[in-house]
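Listed here are the chains, written in short residue letters.
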Amino acid sequence: MSPSHHPADDILTAYAAGALESGFGLVVGAHVEMCPACRRRLGALEAASGDALADLPGAALAADAYAQTVARLDGVETHAPVADRRPLLERLPLSKKKWIAPGVWVSAVKTPHAADDRVYVLHVGPGRPTARHTHLGAEFCTVLSGSYRDELGVFRAGDFAAADGALEHQPLVAGDEACVCLFATEGRLQAKDWVGRLAFAYADV
Amino acid sequence: MGNVVTMHSRQGMSDEDRLVAVASGDRAAFRAVFENFAPRVKSYLMRLGASGAIAEDLAQDAMVQVWRKAGNYDPGRARASTWIFVIARNAWIDKLRREKVELAYQAAADPEPDGQEAPDDAAERTQTQAQIEAAINILSEEQKQVVRLSFFEDKPHSEIAETLAMPLGTVKSRLRLALMKLRAHWERYA
């Protein structure tokens, strides 16, 4: 089933341009992988970007730029590497799981990102509540498997959600399958109770 | 030099024809593509926040990849400018992300390498040139304008995104916060 919650135009435009923070771009990319409609939108944005590139005034290159480049062509393999077809969750460089509660774990994604951002995978088993929380800054989320429900609706595998500091929510796992999500958040989550605060501090989210 | 003569005779070629020639190892065609695109790619990367030296390196990397991947280029799927833009953009993303996680960043660029493509992608393959042109028209005039603004106006993407976010009624703070803090990034990772 195709996703029903998509990144807004401004987010996809910034993603197409290569202008998103890398952790946030990763989350948008996870959605795009699962969303044929957004792949088409992205294709249009890339075509418009290509047009703009073709009209852009060039920057002066080093005098020997072409010679340097040509020197690197010999011995370069002329076929592209085979794409890694495993599900994204298996391709992500994840750190060790931290168990927060039965059925609930967090694993940081080991990609470089701004020091005050968090990029992580959260696994929540069926029937498990999560802590009510708010955000200091932006949060992007793509559901990798399962589904959750919060004040904004039901989010299933492939769905994308963006939140900012104004959103306070308590996501609940929907259905009888564990919900696994990829998050990028700016700043730490702000739990509304002390148990949540302890858990968030331990999980470093 | 034989190359110069060959290049001269290729001046009437489109960039698309040249990429197809590059796929068969044509150095003169590669030189023409390089001269047209490498300076523009460097300029684009500098607008994203790369220093001149890094933009130069990445532009050269991107052109090496143009050589390497030319066999994947399908003129029936994407214009040369789109394909090269995607290679340049991905070179930038890879530079930022030391750990490479392959993503669907290649929506318009690379064909699916094996038979596992999604039905939607299979349908897209039969696109004619006219349909490629039409595909851009998915975008509103405003969206195309924003894409162009981000290339031609010398201001950070974050500011442009703000001007975009307002007419589209999206959450301004969300985007501002999520946008790459480019200069800070380079200080940290370059």
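The structure we're discussing is the one just above.
I will try to describe carefully the structure that is included in this document. Please read these numbers as outputs of a predicted model, since none were measured by experiment. (Residues numbered from 1 in each chain as written. Chains lettered and ligands numbered in written order. Predicted model: local features only at pLDDT ≥ 70, side-chain atom pairs only at ≥ 80, totals over all residues.)

### Considerations on the sheet that holds strand β3 (residues 117-124) of chain A
Residues and elements named next belong to chain A.
Part 1 of the reasoning: In spatial order, the strands read β1-β2-β3-β11-β5-β8; together these six strands make up an open sheet with antiparallel pairing. The strands lining the two open edges of the sheet, one partner per strand, are β1 (98-101) and β8 (160-163). Pairwise comparison of adjacent strand axes, ignoring direction, gives a mean angle of 25° for this sheet.
Part 2 of the reasoning: Sheet topology note: the strand β5 (residues 139-145)/β8 ladder contains four bridges and is antiparallel. Along β8, the bridge assignment pairs F140 with A162.
Part 3 of the reasoning: Sitting on the sheet, helix α2 (residues 22-34) touches β3, β5, β8 and β11 (179-186), and the angle it makes with β5 is about 40°. (Pairing = 2+ DSSP bridges. Helix = DSSP H or I, 4+ residues; strand = E, 2+ residues; numbered from the N terminus. Axes fitted to C-alpha atoms, helices over the stretch in contact; angles between N-to-C directions. Contact = placed C-beta atoms within 7 Å.)

### Digging into the environment of B:M13
Residues and elements named next belong to chain B.
Part 1 of the reasoning: Tracing the backbone shows M13 in the loop between α1 (2-9) and α2 (15-23).
Part 2 of the reasoning: Note on M13: 17 C-beta atoms within 10 Å, which makes it partly exposed.
Part 3 of the reasoning: Each C-alpha atom, one on M13 and one on M63, is 19 Å from the other, the two residues being 50 residues apart in sequence. (Buried ≥ 20, exposed ≤ 12 C-beta atoms within 10 Å, placed from the backbone.)

### Concerning the sheet that holds strand β6 (residues 147-150) of chain A
Residue and element names in this part refer to chain A.
Part 1 of the reasoning: Read across the sheet, three strands follow the order β7-β6-β10 without closing on themselves; strand pairing throughout is antiparallel. Edge positions in the open sheet fall to β7 (153-156) and β10 (172-174), since each of these has one partner strand only. Strand-to-strand twist across the sheet, computed as the mean angle between neighbouring axes with direction ignored, equals 35°.
Part 2 of the reasoning: Here β6 pairs with β10 via three bridges, running antiparallel. Across the sheet, residue Y148 finds its bridge partner in β10, namely V173.

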